[in-house]
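Residues per chain are reported as follows:
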Amino acid sequence: QLQLVESGGGLVQTGGSLRLSCAASGRTLRTYSVAWFRQSPGKEREFVAVSKNGNISYRDSVKGRFTLSRDNAKNMVSLQMNGLKPEDTAVYYCTADSRIITSELRNTSAWDYWGQGTQVTVSS
């Protein structure tokens, strides 16, 4: 059973940076597709970034500001967030799946394993 634990959230001013980490245990994350989603109050959980088979993609609103990276030696995935904006405020979730297909990567319900989330708050 794969377990995921996020960390690194916090309160930051507009324009600031945060680095979120997602530590995996129980399985080797290297063999999984991994992604970050986020959820703001009153809104549905939305796709942020994904890594599958060496390819990384982002939602348009974070392109050029966020960077997803994987550290296979540490069994972790990170999300570096720069140029943060108030609209980035949300709970950020790490997710992983070993069999997800490309057409479902941005579909919240398609992913098998989820962390508990970490709060990111960007003040204006």
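Described below are features of the structure shown in this document. This one's a predicted model, so the numbers in the text were calculated from it and none came from an experiment. (Residues numbered from 1 in each chain as written. Predicted model: local features only at pLDDT ≥ 70, side-chain atom pairs only at ≥ 80, totals over all residues. Heavy atoms only, no water.)

## Remarks on unusual backbone geometry
Peptide bonds are, in most cases, trans, and in most cases residues other than glycine have a negative phi.
Thinking step 1. Phi is positive for asparagine 53, close to 50°, though the residue is something other than glycine.
Thinking step 2. Counting through the fold element by element, asparagine 53 comes out in the loop between β5 (46-52) and β6 (55-58).
Thinking step 3. Look at asparagine 75: it is not a glycine, yet its phi comes out positive at around 55°.
Thinking step 4. Here asparagine 75 lies in the loop between β7 (66-71) and β8 (76-81). (Helix = DSSP H or I, 4+ residues; strand = E, 2+ residues; numbered from the N terminus.)

## Observations concerning the state of the cysteines
Thinking step 1. By the definition in use, this model includes 1 disulfide.
Thinking step 2. The disulfide partner of cysteine 22 is cysteine 94, and the gap between their sulfur atoms is 2.1 Å. Torsion about the S-S bond of the cysteine 22 and cysteine 94 cystine: about -75°, corresponding to left-handed handedness. Placement of the pair is cysteine 22 in strand β3 (residues 18-25) and cysteine 94 in strand β9 (residues 90-97), with a sequence separation of 72 residues.
Thinking step 3. Classification of cysteine 94 by relative accessible area gives buried; the value is 0%. (Disulfide = S-S within 2.5 Å. Buried < 20%, exposed > 50% of the residue type's maximum accessible area, 1.4 Å probe, protein only.)

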